[in-house]
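# Summary of the model geometry
So the chains spell out like this:
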Amino acid sequence: RVVLLFCRDNRAIMVLSSLDADGREWPSAPVDITLPALGTSKPTWVATGPPGGIVLPGGRIVVEANWRSAETGGADVASALTSDDGGLSWSHGADPVPNGNEGQVAAAPNGSLVLNAREGGDSRLLSWSNDRGATWSSPLAWPKVGSACAGSMIRASERSLLFSHNHGDGGRRNLSLWRSDDSGASWL
């Protein structure tokens, strides 16, 4: 099955799942999953990613999402949306990352999940989950990474994560690549 998670006007999270395993047949309309996924039906801003999600062994789908609402005091939060039934139903992990925006989740070599989110300014936020995205650690700041922009993180090998992002002052330029060989605790 092919599962497409996307935002409509940055106000609603929509899902469209193929009716077959190959993505050849599709329903006529997407389904609004904002309320079950976020616990609120009225976010003032919502985004998924912008990079894609991951599928864990056993089929759990994990996608980063960030939002702001009256419940968050108008501040950005980032968390992971999860589905255990092929994208039919969704929920978000507890302990959302405060001030997180435009993030990505990757499966780390130590078995945890790592959420790497834009904080604004020149910093990123890193948070870990040891229970497949149900809860998240308090975020750690990764300062002076680059300007406020989305980045992309993947598991590159049995021991490494890779993260690409612009680096330095002055805008979205100087694309750089960092590697972590300790499940995101440090980056080279």
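Above this note sits the structure.
Computed from a prediction, not measured in an experiment: that's the story for all the values here.

Before going further, it helps to spend a moment on the sheet that holds strand S2 (residues 12-17). In space, the 3 strands of this open sheet follow the order S1-S2-S3, with antiparallel pairing throughout. Both outer strands of the open sheet, strand S1 (3-8) and strand S3 (31-32), are each paired with one neighbouring strand and no more.

What follows is about the pattern of salt bridges. What the rule picks out here adds up to 6 salt bridges. Two residues, Asp76 and Arg68, come together in a salt bridge whose shortest N-O distance is 2.7 Å. Judged by relative accessible area, Asp76 falls into the buried class, the value being 18%. Of the charged contacts in the structure, one is a salt bridge between Arg179 and Asp181, with a shortest N-O distance of 3.0 Å. One connected set of salt bridges, linked through shared partners, spans Arg159, Arg179 and Asp181.

With that out of the way, let us pick up the side chain of Ser129. Of note, Ser129 is situated in strand S12 (residues 123-129). Within the local environment of Ser129, its side chain forms a polar contact with the side chain of Asp131, the two groups lying 2.8 Å apart. A polar contact of 2.8 Å, which involves the side chain of Ser129, links it to the backbone nitrogen of Gly133. Ser129 has contacts with Ser112, Leu113, Ala134, Thr135 and Trp136, leaving out every residue within four places of it along the chain.

Here is what the cut-offs are and how they apply
- Residues numbered from 1 in each chain as written.
- Predicted model: local features only at pLDDT ≥ 70, side-chain atom pairs only at ≥ 80, totals over all residues.
- Heavy atoms only, no water.
- Pairing = 2+ DSSP bridges.
- Helix = DSSP H or I, 4+ residues; strand = E, 2+ residues; numbered from the N terminus.
- Salt bridge = Lys/Arg side-chain N within 4 Å of Asp/Glu carboxyl O.
- Buried < 20%, exposed > 50% of the residue type's maximum accessible area, 1.4 Å probe, protein only.
- Polar contact = N/O pair within 3.5 Å; in protein donor to acceptor, adjacent residues only side chain to side chain.
- Contact = heavy atoms within 4.5 Å.

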